[in-house]
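The lines below spell out each chain.
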Amino acid sequence: MSRQRRVHTAPEIALRRELHRRGARYFVDRAPLPGLRRRADLVFPRLRVAVYVDGCFWHSCPEHATFPKRNAEWWAAKLAGNVARDRDTDARLTTAGWLVVRVWEHESAALAADRVQAALARR
Ligand SMILES: [Zn+2]
């Protein structure tokens, strides 16, 4: 998904601002694992927490997933591929001892920040 993924989307920036306001410090748009070329939106290297802000369309959010009617088969395969890649990324990071937090772009920054902070507190 890295090619389509827009960097610094509005929901991502809102989450960064909210976490920063709460005192959290993190790296932005960085690959958690060397050799795994899949950047996370936020990375807390010391605690090994990686945060992804997933777009509802590109990552098939259960509430807002839509499937274009033109080239339907191609899109179905493409979007399913994105989700499979997400799960594979989660599995690789988890195996390497990371905690992965996935936030939907439709979630409020405050609730998303709560989830990230809860994950950080568990480390
Ligand atoms: Zn959504």
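Residues numbered from 1 in each chain as written. Predicted model: local features only at pLDDT ≥ 70, side-chain atom pairs only at ≥ 80, totals over all residues.

To continue, consider the overall build of the protein chain. For the protein chain, the count of helices and strands is 3 helices and 4 strands. When the helices and strands of the protein chain are read in sequence order from the N terminus, they spell out α-β-β-β-α-β-α. The C-alpha radius of gyration computed for the protein chain amounts to 15 Å, which stays within 12% of the reference 14 Å derived for 123 residues, consistent with globular compactness. Projecting the C-alpha coordinates of the protein chain onto the three principal axes gives extents of approximately 45 × 30 × 20 Å. When the 123 residues of the protein chain are sorted by exposure, 25% land in the buried category. Of all intrachain contacts in the protein chain linking residues separated by at least 6 positions in sequence, the fraction that spans at least 24 positions is 61%. (Helix = DSSP H or I, 4+ residues; strand = E, 2+ residues; numbered from the N terminus. Rg over C-alpha atoms; globule rule 2.2 N^0.38 Å. Buried ≥ 20, exposed ≤ 12 C-beta atoms within 10 Å, placed from the backbone. Contact = placed C-beta atoms within 7 Å.)

Right, let's talk about the sheet that holds strand β2 (residues 40–44) for a bit. The mixed open sheet is built from 4 strands, whose spatial order is β1-β2-β3-β4. The open sheet is flanked by β1 (27–30) and β4 (99–104), the only strands paired with a single partner. Recorded for the sheet is a direction-independent mean angle of 30° between the axes of neighbouring strands. Note: β2 against strand β3 (residues 49–54), 3 bridges, orientation antiparallel. Following the sheet pairing, Leu-42 is matched in β3 by Val-51. (Pairing = 2+ DSSP bridges. Axes fitted to C-alpha atoms, helices over the stretch in contact; angles between N-to-C directions.)

Inside soluble globular proteins, nonpolar side chains tend to come together where they are buried. Ranked by size, the top nonpolar core spans 20 residues in total, and within it Leu-15, Ala-50, Val-51 and Val-103 carry the most contacts. When contributions to this core are tallied by element, the ones reaching two or more residues are α1 (10–21), β2, β3, β4 and α3 (109–121). Ranked by the residues each element gives to this core, the list is headed by β3, at 5 residues. Non-local contacts of Ala-50, meaning those with residues more than four positions away in its chain, are made with Pro-32, Ala-40, Val-43, Leu-93, Trp-98 and Val-100. (Core = buried A, V, L, I, M, F, W, Y, C linked by C-beta atoms within 7 Å.)

The predicted model of the protein chain has a mean per-residue pLDDT of 93, with 94% of residues at 70 or higher. The weakest mean pLDDT in the protein chain belongs to β1 at 94; the strongest belongs to α3 at 98. (pLDDT = per-residue confidence, 0-100.)

So, about unusual backbone geometry. The backbone phi angle of Asp-29 is positive, close to 55°, even though this residue is not glycine. Within the secondary structure, Asp-29 is located in strand β1. Residue Asn-71 is not a glycine yet carries a positive backbone phi of 55°. Looking at the secondary structure, you find Asn-71 in the loop between β3 and α2 (72–95).

Bringing α2 into the picture now. Since there are 3.6 residues in each turn of an α-helix, residues three or four apart along the chain are aligned in direction. Over its 24 residues, α2 extends 34 Å from the first C-alpha to the last, a length consistent with the 34 Å expected when each residue adds 1.5 Å. With 2 of 24 residues buried, α2 is to be regarded as a mostly surface element. In the segment just after α2, Gly-97 is the residue with positive phi, at about 90°. (Expected span 1.5 Å × (residues − 1).)

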